[in-house]
Amino acid sequence: MGTALVYHEDMTAARLLWDDPECEIECPERLTTALERLQQRGLEQRCLQLAAREASEAELGLVHSPEYVALVRGTQALGTGELQTLSGQYDAVYFHPSTFHCARLAVGAALQLVDAVLAGAVRNGLALVRPPGHHSQRAAANGFCVFNNVAIAARHAQRQHGLHRILIVDWDVHHGQGIQYIFEDDPRASTDAPWPQVGMGNADYVAAFLHVLLPVAFEFNPELVLVSAGFDSAIGDPEGQMQATPECFAHLTQLLQVLAGGRVCAVLEGGYHLESLSQSVCMMVQALLGDPAPPLSGPMVPHGSALESIQSVRVAQAPHWMSLQQQGVAPVLSPSPYSPEGRPSSLLLTGRPEFKAAATQDVAALSSLLDQPRLNPMPPVRTAVALAAPDAALALPSDVLCEEGSAPQEETQAWARPHEALAQDRALTALGKVLYLLDRILDGQVSSGIAVTPACAAAATLDVAIRCGLSHGAQRLLCLAVGQLDRPPDLTDDGRNLWLNIGGKEAAALSMFHVSVPLPGTTGGFLSCVLALVLPLAYSFQPDLVLVALGPAHGLRDPQAALLAALLRGPAGGRVLALVDEESTPQLVVVLARVLHGEAAPSLGPFSMASPEDVQALMQLRGQLEPRWKMLQVASEAGGPGSG
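Chains are numbered independently. Their residues run from 1 in the order of the written sequence. A pLDDT threshold of at least 70 governs which residues receive local features in this predicted model, and a stricter bar of 80 or more applies before side-chain atom pairs are shown or counted, although totals over entire chains, interfaces and linings include all residues. With hydrogens and water excluded, all non-hydrogen atoms of the structure serve as input to the side-chain values.

A. Structural detail: the overall build of the protein chain. A run of H or I in DSSP counts as a helix once it spans at least four residues, and a run of E counts as a strand once it spans at least two, with each numbered from the N terminus. Broken down by element type, the protein chain carries 21 helices and 15 strands. Expressed as a percentage of its 644 residues, the buried residues of the protein chain come to 63%. Residues are treated as being in contact if the distance between any of their heavy atoms lies within 4.5 Å. Residue pairs in contact within the protein chain that sit at least 24 positions apart in sequence constitute 80% of those at least 6 positions apart. Split by element, the accessible area of the protein chain, about 22600 Å² in all, is 52% carbon and sulfur. Remark: exposure states derive from per-residue accessible area (1.4 Å probe, protein chains only) relative to the maximum for the residue type, with buried under 20%, exposed over 50%, and partly exposed in between. A 1.4 Å probe and the Shrake-Rupley method give the accessible areas. Residues count as covered only by the protein chains that appear here.

Structure follows, in structure tokens:
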């Protein structure tokens, strides 16, 4: 299954016919520029291209009143003066004789995308549409929005496909109040994380995902993810005045793809800086196609004001979600307006500024940032697997490379010499393949890889891989060791390597670069460990290589190992090498290959609460590590380096 791109050139027909500085930024070039950039990068050609259809009036009626639909239909016959008068009755809206046709195409594109994904024709996709929709209400246009594209798509998925749990994520900088109002009477809650000021950047958005959206989303267990993909939250946009760079949206998209079996339907909303918009759209489509997200630029330190907002949302939502309660969030004392069994069908994550601040953007700096994605070319091979022996029975994706190469014998023997466990021919042969694959990753020929190692030589092989990686070009190497694997005793805390062991006897931070935690015994405990510890550490450290070592008695189920590998693609720009103990099941190699290749991770199964011991251990570790690794924070430090 691939990625759909839904578009129709008729959606460029509507344009502003009179002078209105507020509305002139919503222009046809928003679509044409984005489409041209997709074509230039060869991304459109890699997608299944679908021509948008018009939504029927019955479909519009899933959300909007008949009177409002009739009013918009009537704009087709109005003159310019009448259109301007009608537009003036709404906030930041303009009508054109083609608006009704364009808006029906925008809704129809969203519905086509949902139908294609739920029918299994594609795995995910983007509806490249205008006018946007998330501000539109049942009987009113608002904020450039005519019909609520995503809300109608959600209702359609419920009515026509029988879905019960649909997650709606809105990262547009403006609050998608139309979606919230439409689903208020569902009766299920929605979550809004308002940014209290302009200037929020990559670290703030990733922190909101790790500490609010993803914990709740995993517990909610959606059947479909709808994204109101507004890019006025991107750097350079005159509306949002935010600092999220285009590659940030690849990371956010990649994080969402671990939900709902990868069924993600994105629908364009805002975005008014044409270059920033087009770059951000390309980044999102690359992630939907399974390409690794480029590394994030800038320090990963959230603003203090962002942390205050994140903590406020966590406190407000804690009564409704075990996933937040188990992270030690103290719930608010006011009684919950929702029944215990009530669960949200929409989760709106917005960057809504509560006040405006003067923001100036250096043109040269902005141009440099927007050029950065071009400086991260995709490796020729996305995923390679090095097996002890060829195995035709493994159902690997067709374009995963089965690597047969090996490092030169003299080099392999030199690396193996300090380790008695690597003296055997079988271990030495496996090490040669590991070294060859590692070099291919470091020189940009392969993005990610999997190598099988003998159980007796797992620790020694990992030790060599760490040292070889650091000596062959990796500036910062993250090693996630799972199972009975001890940190090499003479590995120095020089800031270039971060060792994280899952499966240790006790939770301990022996240094800021040496962390150990027991393997949690429940789904909820495992998710908290990953979202509240592993990923914040990884994004704070910003490695350029991740080693995932699944050693003897690692104890992970295949879906758990797959989720770890899938999520760790992000921090290192896709450069992940997984070392798998040969005693693991062959199916584990297949599952890892699939997720490193960009496919969705299998479900973890029903959510279960973390044990009190796991909660306490995690909170203790976070408290020790937060001063160094700022992405672990969920509350502001007064006057700290991440303050507003």
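B. Local environment of the packing of helix α6 (residues 99–118) against helix α7 (residues 149–161). Note on geometry: axes are lines fitted to C-alpha atoms, helical ones only across the stretch in contact, with angles between N-to-C directions running from 0 to 180 degrees. Taken N-terminus to C-terminus, the directions of α6 and α7 make an angle of 40 degrees; their axes are 9 Å apart at the nearest point. On the basis of their axis angle, the class for α6 and α7 is oblique. Classified by chirality, the crossing of α7 by α6 is right-handed. For the pair α6 and α7, the contacting residues are Ala-103, Ala-106, Val-107, Ala-110, Leu-111, Val-114, Asp-115 and Leu-118 in the first and Asn-149, Ile-152, Ala-153, His-156, Ala-157 and His-161 in the second. When the residues that make up the contact of α6 with α7 are grouped by side-chain class, the tally is 10 nonpolar, three polar and one charged. Should an angle lie under 35 degrees it is considered roughly parallel, over 145 roughly antiparallel, and from 65 to 115 roughly perpendicular; all remaining angles are considered oblique. The crossing is said to be left-handed when, going from far helix to near helix, the turn is anticlockwise and less than a right angle, and right-handed when the turn is clockwise. Under the grouping applied here, Gly and all other residues not named as nonpolar or charged are polar, the nonpolar ones being Ala, Val, Leu, Ile, Met, Phe, Trp, Tyr, Cys and Pro and the charged ones Asp, Glu, Lys and Arg.

C. Region of the structure containing the sheet that holds strand β13 (residues 514–517). Taken in spatial order, the nine strands of this open sheet run β8-β7-β9-β15-β14-β10-β11-β13-β12, and their pairing is mixed. In this open sheet, the two edge strands, each paired with only one partner strand, are β8 (401–402) and β12 (508–511). Paired strands are those between which DSSP finds at least two bridges. As paired elements, strand β7 (residues 381–386) and strand β9 (residues 446–453) share five bridges and run parallel to each other. The residue bridging Val-381 from the neighbouring strand is Val-446, located in β9. Sitting on the sheet, helix α21 (residues 612–625) touches β12 and β13, and the angle it makes with β12 is about 25 degrees.

D. How the structure looks around the packing of aromatic side chains. Note on ring pairs: Phe, Tyr and Trp rings are taken, using the six-membered ring of Trp, and paired if centres are within 6.5 Å. Classes follow the plane angle, with under 30 degrees stacked, over 60 edge-to-face and the rest tilted. Following the criterion strictly, the structure yields 10 aromatic pairs and no others. A ring pair is formed by Trp-171 and Phe-249, whose centres lie 5.6 Å apart and whose planes are at 45 degrees; its orientation type is tilted. Taken as a pair, Trp-171 in the loop between β4 (166–170) and α8 (177–183) and Phe-249 in helix α10 (residues 246–256) lie far apart in primary sequence, 78 residues in all. Residue class for Trp-171 comes out buried when judged on its relative accessible area of 0%. Here Phe-541 and Trp-629 contribute two aromatic rings whose centre-to-centre distance is 5.9 Å and whose plane-to-plane angle is 85 degrees, an arrangement assigned as edge-to-face. Placement of the pair is Phe-541 in helix α18 (residues 523–541) and Trp-629 in the segment after α21, with a sequence separation of 88 residues. The buried category is assigned to Phe-541, whose relative accessible area is 5%. Judged by relative accessible area, Trp-629 falls into the buried class, the value being 2%. A connected cluster of aromatic rings, assembled from ring pairs, spans Tyr-68, Phe-100 and Phe-147.

E. Quick peek at the pattern of salt bridges. Whenever a carboxyl oxygen of Asp or Glu lies within 4 Å of a side-chain nitrogen of Lys or Arg, that contact is scored as a salt bridge. Evaluated as defined, the whole model comprises 14 salt bridges. We note a salt bridge from Asp-291 to Arg-382, for which the minimum N-O separation is 2.6 Å. Linking Asp-291 in the loop between α11 (274–288) and α12 (304–317) with Arg-382 in strand β7, this pair joins segments that are 91 residues apart in sequence. With respect to class, Asp-291 is no different from Arg-382; both count as buried. Among the charged side chains, a salt-bridge network with shared partners connects Glu-26, Arg-30 and Arg-130.

F. Geometry of the side chain of Thr-75. Locating Thr-75 in the fold gives a position in the loop between α4 (66–74) and α5 (80–87). For Thr-75, a relative accessible area of 0% translates into the label buried. Non-local contacts of Thr-75, meaning those with residues more than four positions away in its chain, are made with Leu-83, Leu-86, Phe-95, His-96, Pro-97 and Phe-100.

G. Just the nonpolar core, in detail. Leu-128, Phe-147, Trp-171, Leu-226, Val-281 and Leu-533 are the most contacted members of the largest nonpolar core, which totals 181 residues. It is helix α9 (residues 202–220) that provides the largest number of residues to this core, a total of 14 residues. The contact partners of Leu-128, leaving out residues within four places of it in the chain, are Leu-5, Val-6, Tyr-7, Met-11, Leu-31, Ala-34, Leu-35, Leu-38, Leu-268 and Val-281. Nonpolar cores were defined as sets of buried Ala, Val, Leu, Ile, Met, Phe, Trp, Tyr and Cys residues, with membership established by side-chain atoms within 4.5 Å.

H. Seen up close, unusual backbone geometry. Put simply, Arg-130 and Pro-131 share a cis peptide bond, and its omega is 0 degrees. Turning to its location among the elements, Pro-131 is positioned in the loop between β3 (122–127) and α7. The phi dihedral of Ala-260 falls on the positive side, at around 55 degrees, and the residue is not glycine. Inspection of the secondary structure puts Ala-260 in the loop between α10 and β6 (264–268).

I. Here's a closer look at α11. Counted at 1.5 Å a residue, the expected span for α11 with its 15 residues is 21 Å, and the 21 Å between its end C-alpha atoms agrees. For α11, the tally of buried residues reaches 13 of 15 residues, placing the bulk of the element in the interior. Where α11 terminates, the next one or two residues include Gly-290, which has phi positive at roughly 100 degrees. By definition here, a helix of n residues has an expected span of 1.5 Å times n minus one.

J. Focus on the pairing of β7. In terms of burial, β7 is largely enclosed, as six of its six residues are buried. Sheet topology note: the β7/β8 ladder contains two bridges and is parallel. Among the inter-strand pairings, Val-385 is bridged to a residue of β8, identified as Cys-402.

K. Region of interest: the environment of Thr-245. Within the element layout of this structure, Thr-245 appears in the loop between β5 (224–229) and α10. Classification of Thr-245 as buried rests on a relative accessible area of 3%.

L. Here's a closer look at the sheet that holds β4. Strand order in the open sheet made by the six strands is β2-β1-β3-β6-β5-β4, with parallel pairing throughout. Two strands lie at the open edges of the sheet, namely β2 (48–51) and β4, each paired on one side alone. Sheet twist, expressed as the mean angle between neighbouring strand axes with direction ignored, is 20 degrees. The pairing of β4 with β5 spans five bridges and is parallel. Residue pairing across strands places Val-169 opposite Val-227, the latter belonging to β5. The strands that helix α1 (residues 29–40) touches are β1 (2–7) and β6; relative to β1, the one it contacts most, it runs at about 150 degrees.

M. Broad picture of the environment of Asp-494. On the secondary structure map, Asp-494 appears in the loop between β10 (477–482) and β11 (497–502). Accessibility expressed as a relative area gives 44% for Asp-494, which makes it partly exposed. Distance in space between the C-alpha atoms of Asp-494 and Phe-513 is 8.6 Å, their sequence separation being 19 residues. Polar contacts involving the side chain of Asp-494 include one to the side chain of Asn-497, which spans 3.4 Å. Two N or O atoms count as a polar contact when they lie within 3.5 Å, although within protein this holds only if one can serve as hydrogen donor and the other as acceptor, and sequence-adjacent residues are included solely when both atoms are side-chain atoms.

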